[in-house]
Amino acid sequence: MNWTNIHLIWIRELRDQLRDRRTMFTIAILPLLLYPMMGMAFLRVTQFMQEHPSQVLLLGVDHLPPSPPLIVDGHLASAVCSTNEARLLNLTLQDRHTDQNSIESVQRFATAAIARGDYDVVVWFPEDFAQRLAAFRRQVDRIGDDDSEDDDRVEVQVPAPHLFANLADDKSRIAHDRIERILRRWQDQLVREILLSRQLPEAVIRPFALQSRDVSDEPFRRAAVWSKVLPFIVLIWALTGAFYPAIDLCAGEKERGTLETLLCSPALRSEIVWGKLLTVASFSAVTALLNLFSLILTGILLFGRLTAMEAGLDIGAPPLSSILWLMLALIPIAALFSALSLAIAAFARSSKEGQYYLMPLLLLTLPLMILSLLPAAQLNLGSSVIPVTGLMLWLRALIENDYASAARFAVPVFGVTAACAWLSIRWAVHQFENESVLFRESEQFGLGLWVHHLIRDRDNTPTIAESLACGFLILIATFFGSLYIQPAADWAGLSRVILATQIGLVAAPALIMTLVLTRRPLRVLLLQRPRWSTVPAAVLLAVCLHPTVVLVAQQIQTMYPLNEDVIRAMQPLTDALLQAPWWQVVLVIALAPAICEELAFRGFVLSGLRHLGSTTAALVISSLFFAVTHGMLQQSLSAFGVGLILGLIAVRTGSLIPCIAFHLAHNSLTVLIGRLTAESDSPPTWTTWLLHPSGNGDLELGYTTPAIIASVILSALLLRWFHRLPFERSAEETLEQRIAAQQK
């Protein structure tokens, strides 16, 4: 790789981008104007914001008791309502209502009055409210009297005013809350009178006073606020700043016809990608930094102004060290977002199309950013390996001066971020080395022509789009199926649900699309005879690999523990599995998924994805579809690794039969060992060297260290044997292999 060429391309692209007014406005002008204008607009709007008084109707005020008073001279008593609160309540007093003894009639009246906008809330005091309240007080006065009989201590029904409000309407809800607070204070006044009449102190109902003390220092409180805002702003603008330069450097050059000139230069495609990548990363970093400094400056001035106005916001400036940490993290994150934007933009034929392609990237990244803002999100080993989320939590820990946690998880955070950036760069280089990606022809879409094309121009194997459509169709079907189909607590109902899901929602879409969209279904589904040695080798690999898979699953459970509610919800299903005959469990849990899932993911989906030209990419994408269908995150992570191995077996053997054998053996081992560990009161002696015994003498599903070491060694040897098998490549894979050989 010639760094001189990369430098020349970088300078050329920078010069071109600096001449673009739109890019300069988005990168430089907008950040400098956005936050000051937002702050100015906020201050202007707050001058016009005021609390509006609520319209309140008090119905049946003649039924109120004289003491303690709620209404004095047509106004709320000062003991229950402050001057500011009274200013926000426009009271309408009414003695009685027609048919006042009927709550249904009053509710109809209140509903109509609130709907017309006459009132925001209606409070109704029933006709016998004062009498029942007096009876309640007499009953309380008799409590503790030595002369009273136990039979006299009959519980009196406590009177209750009725509040009618439309809680779906903000005005009515606010009015409801205001008047409810006042009525509760009035209720407290009544309790005080009762206590005084019994010569009891008010502390009887409040035996202790709760005093809260904030032990955090003021700088830490300020840092806690900035630690959630600043990383989000930096990452979101780093992504946004990479959008438009990437679109212009790829799709824009296609439109202008200058990309061909650059490709004809002596520079390698990888050097061109690096030059463009440095350009996009430069604009991404500059955009994020300008937004960061503009936000900090505006925030300091705005919060200072609000503090002077006694608005209760004393946030102050962020720590200076936080800016340094954000600038450090900006290097890998700008590289990651720039490489992703460049790879996606290379696929677009025009700038308009590029914007459509880059929006899903924003929609996929936003949840990862928002995840770190949740109150329960903490920096640990599980969250540190989540792309983007781990980096934001790491920055949050640094800004809050939690250096111990940041140092402990710095390696996984930056390791995952660097790995994602490296993969993104590799993808961008691959996009530029693929002529079919750079110079795609314009297409016109028509529904009729498209359907006619699908039926008439069927190929021997599905296209990439058809494979992706099948994968997403299965995901959507299983998702809605899991919401609609509730698993039964007994084995018969559970087995019907599993079989219906596997056959109807997993296998059926793949089989239907195979018959409709392809000419050679047996080749698509890899239903052909393999080498005789591959089937027993696949079974042996499943047996040898099982201890390693169980170990990985246990580590995943440690990193991402199951919720207690999920464990309780799964307990009836576990009991049903233990009560069923073992051979039925093997048929339903092991054999049915082995056939249905292999037909779908290693059959139709993988066959179409091999047209990508990269066997690795096809295996990864098909394994992702396979993993996500397993529902729970813990199962999906371990299923992804198993899916990669199954995909390797399918590609190298050219048949689905070894995959089904591996899948069947793996699921059967899990089921049978699980039943053995749950049912055996006195486990066989031969299992003690293989499985971990628990403290009470039973077995738990955990292999011993010698078994795991043997599993790793034997599995590696078997995988190497499968990897060295000759196999038939697709036309795209053969072309990619020739291009790679020529470049070497």
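The structure displayed is predicted, hence computed values, not measured ones. (Residues numbered from 1 in each chain as written. Predicted model: local features only at pLDDT ≥ 70, side-chain atom pairs only at ≥ 80, totals over all residues. Heavy atoms only, no water.)

What follows is about the overall build of the chain. Of regular secondary structure, the chain possesses 28 helices and eight strands. Here the chain holds 744 residues, and 42% of them are scored as buried. Surface exposure of the chain reaches about 40,300 Å², of which carbon and sulfur atoms provide 63%. (Helix = DSSP H or I, 4+ residues; strand = E, 2+ residues; numbered from the N terminus. Buried < 20%, exposed > 50% of the residue type's maximum accessible area, 1.4 Å probe, protein only. Areas by Shrake-Rupley, 256 points an atom, 1.4 Å probe, with all protein chains shown as cover.)

In a regular helix each residue adds 1.5 Å, so 26 residues correspond to 38 Å; helix H21 (residues 534-559) covers 35 Å between its end C-alpha atoms and thus fits that length. At leucine 545, H21 shows its largest kink, close to 40°, and the proline proline 547 lies no more than four residues downstream. (Expected span 1.5 Å × (residues − 1). Bend = angle between axes of the 7 residues up to and from the residue.)

Glancing now at the side chain of serine 227. Looking at the secondary structure, you find serine 227 in helix H7 (residues 218-256). A polar atom in the side chain of serine 227 sits 2.8 Å from the side chain of glutamate 400. When near neighbours in sequence (up to four residues on either side) are disregarded, serine 227 contacts Arg396, Ile399 and Glu400. (Polar contact = N/O pair within 3.5 Å; in protein donor to acceptor, adjacent residues only side chain to side chain. Contact = heavy atoms within 4.5 Å.)

Attention now moves to the pattern of salt bridges. Per the stated rule, a full pass over the model turns up 13 salt bridges. Aspartate 248 is paired through a salt bridge with arginine 256; the nearest N and O atoms lie 3.1 Å apart. When its relative accessible area of 13% is taken as the criterion, aspartate 248 is described as buried. We classify arginine 256 as partly exposed; its relative accessible area is 48%. (Salt bridge = Lys/Arg side-chain N within 4 Å of Asp/Glu carboxyl O.)

Next up on the list: helix H11 (residues 351-371). Taking 1.5 Å as the rise per residue, H11 with 21 residues should run 30 Å; its terminal C-alpha atoms sit 31 Å apart, in good agreement. Of the residues making up H11, those classed as buried are Glu353, Gly354, Leu358, Leu361, Leu362, Thr365 and Met369.

Attention shifts here to the packing of helix H19 (residues 491-517) against helix H23 (residues 582-609). Running from N to C, H19 and H23 cross one another at 15°; their axes reach a closest spacing of 9 Å. Taken together, the axes of H19 and H23 lie roughly parallel to each other. Seen along the crossing, H19 lies across H23 with a hand that is left-handed. Where H19 abuts H23, its residues Trp491, Ser495, Ile498, Leu499, Gln502, Ile503, Val506, Ala507, Ala510, Leu511, Met513 and Thr514 lie against Gln584, Val585, Val588, Ile589, Ala592, Pro593, Cys596, Glu597, Leu599, Ala600, Phe601 and Phe604. Looking at the contact of H19 with H23 residue by residue, the classes come out as 19 nonpolar, four polar and one charged. (Axes fitted to C-alpha atoms, helices over the stretch in contact; angles between N-to-C directions. Parallel < 35°, antiparallel > 145°, perpendicular 65-115°, else oblique. Left-handed = near helix turned anticlockwise from the far one by under 90°. Nonpolar A, V, L, I, M, F, W, Y, C, P; charged D, E, K, R; others polar.)

Of note, the amide linkage connecting serine 67 to proline 68 takes the cis form, showing an omega dihedral of -5°. With respect to the secondary-structure elements, proline 68 resides in the loop between strand S1 (54-59) and strand S2 (71-72). Even without being a glycine, leucine 526 presents a positive backbone phi close to 55°. Residue class for leucine 526 comes out buried when judged on its relative accessible area of 11%.

What follows deals with the confidence of the model for the chain. Scored by pLDDT, the chain comes out at a mean of 82, with 87% of its residues at no less than 70. The low-confidence segment residues 694-699 (pLDDT under 50) makes twelve contacts with residues lying over four places distant or belonging to another chain. (pLDDT = per-residue confidence, 0-100.)

Under the criterion given, the structure shown has eleven aromatic pairs. A centroid spacing of 6.3 Å and a plane angle of 85° characterise the contact between phenylalanine 125 and tryptophan 186, whose relative ring orientation is edge-to-face. Here the residue phenylalanine 125 occupies a position in the loop between strand S5 (121-124) and helix H5 (129-142), and tryptophan 186 occupies one in helix H6 (residues 170-197), the gap between them amounting to 61 residues. Ring centres 5.1 Å apart and planes at 90° place the aromatic pair phenylalanine 472 and phenylalanine 625 in the edge-to-face group. Taken as a pair, phenylalanine 472 in helix H18 (residues 464-484) and phenylalanine 625 in helix H24 (residues 615-628) lie far apart in primary sequence, 153 residues in all. The partly exposed category is assigned to phenylalanine 472, whose relative accessible area is 47%. What makes phenylalanine 625 buried here is its relative accessible area of 6%. Taken together, the ring pairs in this structure connect Trp325, Trp394, Tyr403 and Phe414 into an aromatic cluster. Positioned above the aromatic ring of phenylalanine 626, the side-chain terminus of arginine 602 is 4.3 Å from the ring centre. (Phe/Tyr/Trp six-rings, centres within 6.5 Å; stacked < 30°, edge-to-face > 60°. Lys NZ or Arg CZ within 6 Å of the ring centre and 35° of its normal.)

Turning to empty space enclosed by the protein, a few remarks are in order. Counted under the stated rule, the structure contains one cavity of 30 Å³ or more. A volume near 40 Å³ is recorded for the largest cavity. The wall of the largest cavity is formed by Ser227, Lys228, Pro231, Phe232, Ser372, Leu373, Met392 and Arg396. Listed by contribution, the elements that provide at least two residues to the lining of the largest cavity are H7 and helix H13 (389-399). Residue contributions to the lining of the largest cavity peak at four residues, all from H7. Among the residues making up the lining of the largest cavity, the classes are represented as four nonpolar, two polar and two charged. (1 Å grid on protein atoms, 1.4 Å probe; cavity = no way out; pocket = protein on both sides within 12 Å on 5 of 7 lines; lining within 4 Å. Points joined across faces, edges and corners; volume = space filled by probe spheres on them.)

What follows is about the nonpolar core. Judged by nonpolar contacts, the single largest core of 46 residues is most densely connected at Cys470, Leu541, Phe601, Phe604, Ile649, Phe662 and Phe722. Elements with a contribution of two residues or more to this core: H18, H19, H21, H23, H24, helix H25 (633-653), helix H26 (657-679) and helix H27 (705-723). If you tally residues by element for this core, the top one is H23, at eight residues. Apart from residues lying up to four places away in sequence, leucine 541 is in contact with Ile645, Ile649, Phe662, Ser715, Leu718, Leu719 and Phe722. If you look at the next biggest cluster of nonpolar residues, it comprises 45 residues, including Phe337, Leu358, Met369 and Leu391. (Core = buried A, V, L, I, M, F, W, Y, C linked by side-chain atoms within 4.5 Å.)

Right, let's talk about the packing of helix H10 (residues 320-347) against H11 for a bit. For any two helices packed against each other, one specifies the inter-axial angle together with the distance between the axes. Two elements in contact, H10 and H11, have axes separated by 8 Å at closest approach and are oriented at 150°. When the axis of H10 is compared with that of H11, the two are roughly antiparallel. In terms of crossing hand, the pair formed by H10 and H11 is right-handed. Of the residues in H11, those in contact with Phe337, Leu340, Ser341, Ile344 and Phe347 of H10 are Glu353, Tyr357, Leu358, Leu361, Thr365 and Met369.

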